[in-house]
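Chain residues, written in single-letter form:
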Amino acid sequence: MHVAIVSHDAGGAEILSSWAHFCKHSFSLVLAGPALKIFKNKCPHAEILSLEEAIKKSDWVLCGTGWQTSFERDAIKYAKDNKKKVIAYLDHWVNYKERFHNGLDQIFPDEIWVADKYAEKIASNIFSDIPITLIDNPYFNELKTQIKKLSIDNEKYLENKKSILYVCEPKKEHAFLKYGDERYWGYTEDDALNYFYKNLKYINKDIKEIKVRLHPSEKKGKYDWFKNFNSRLIKIVSEESLIVDIINSDIIVGCESMALVVGLLANKTVISGIPPNGRQCQLPQKEIIHLRDLIASRQLNA
């Protein structure tokens, strides 16, 4: 069996590249955007083809479900038009319907894969007519192995140090692309960063370092304004691997990024810092602390 793997967005690319690395099928890749770098690291010798060539060669198709472009949605449509079975992998826990919206039309795969029971429940409620298959998350399995090794080497780094890793997301780009309104969800990534820094004392008064990590789709310089708050405390990072940045931090803060869930895998304190005007964090993991609740609790007990 030969599989055509189609990927653009970073979250899906991490999972699909891990799946490809361990799969027993032959496969071809159709890549663009952040997926190019991610697949190059994990599958450096894999065959990269055009969509038309890969679909023609394949027995079935496996797609990511990104929002940044219509790249993966177009691939689902093309595969179905060419009578190839197509499976889409939901790599997150939010905006499921929107991931299959292509202009005016909804374009659904023949089957959907999910990686945990949270996603299975959400997807089953939304896509009642599409088979939902729960499979092991190969990316998280890789991360768990790395976490176990890196945590041993990490102890000295965090000694006498309180460090926060803030993981960014291009929220306003996503909202504008989908809904024509940067504040569709009630906030932007800039609002969230400001809210986080304004309320840093409620998280920890002894923070010695804040690393602000760019999303793979964000350009360098986007958050340089934030360094002006405290240039000695704040660093903007993007080059180190996500898991190394997480291991080398005590607290992980963000909005709804998958990186927050990776932080939970590493047994870190994880906080969603969506401002009060924004929607509630859509991540279902109950271990995530919500900054607005933390502030209210500490003000009440002050």
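Calculation rules
- Residues numbered from 1 in each chain as written.
- Predicted model: local features only at pLDDT ≥ 70, side-chain atom pairs only at ≥ 80, totals over all residues.
- Heavy atoms only, no water.
- Phe/Tyr/Trp six-rings, centres within 6.5 Å; stacked < 30°, edge-to-face > 60°.
- Helix = DSSP H or I, 4+ residues; strand = E, 2+ residues; numbered from the N terminus.
- Buried < 20%, exposed > 50% of the residue type's maximum accessible area, 1.4 Å probe, protein only.
- Pairing = 2+ DSSP bridges.
- Contact = heavy atoms within 4.5 Å.
- Axes fitted to C-alpha atoms, helices over the stretch in contact; angles between N-to-C directions.

### Some words on the packing of aromatic side chains
Within a pair of aromatic rings, the relevant descriptors are the distance that separates the centres and the angle that separates the planes.
Alright, step 1. Summed over all chains, the structure comprises 17 aromatic pairs.
Alright, step 2. Judged by centre distance (6.1 Å) and plane angle (80°), the rings of Trp19 and Trp60 are edge-to-face. Here Trp19, found in helix α1 (residues 10-22), pairs with Trp60, found in strand β4 (residues 60-63); they are 41 residues apart in sequence, far enough to count as distant. Of the two residues, Trp19 and Trp60, both sit in the buried class.
Alright, step 3. Both rings, one in Trp19 and one in Trp113, keep their centres 5.9 Å apart while their planes meet at 55°; by these two values the pair is tilted. Placement of Trp19 in helix α1 and of Trp113 in strand β8 (residues 111-114) is noted, with a sequence separation of 94 residues between them. There is no split in this pair, since Trp19 and Trp113 are both buried.

### Details of the sheet that holds strand β13 (residues 251-254)
Alright, step 1. The strand order β12-β11-β10-β13-β14-β15 describes an open sheet built from 6 strands, whose pairing is parallel. Only two strands of the sheet have a single partner each, and these edge strands are β12 (234-237) and β15 (289-290).
Alright, step 2. Two elements, strand β14 (residues 269-272) and β15, share 2 bridges in a ladder whose sense is parallel. Note on β15: the bridge partner recorded for Ser272 is His290.
Alright, step 3. On top of the sheet, helix α8 (residues 189-198) reaches β10 (163-167), β11 (209-213), β12 and β13; it is set at about 165° to β10, its chief contact.

### Examining unusual backbone geometry
Alright, step 1. Residues other than glycine seldom take positive phi values, yet Lys83 does so here, at roughly 60°.
Alright, step 2. Topologically, Lys83 is positioned in the loop between α4 (71-81) and β5 (85-89).
Alright, step 3. Classification of Lys83 by relative accessible area gives exposed; the value is 75%.
Alright, step 4. In this structure, Asn95 takes a positive phi of about 55° despite not being glycine.

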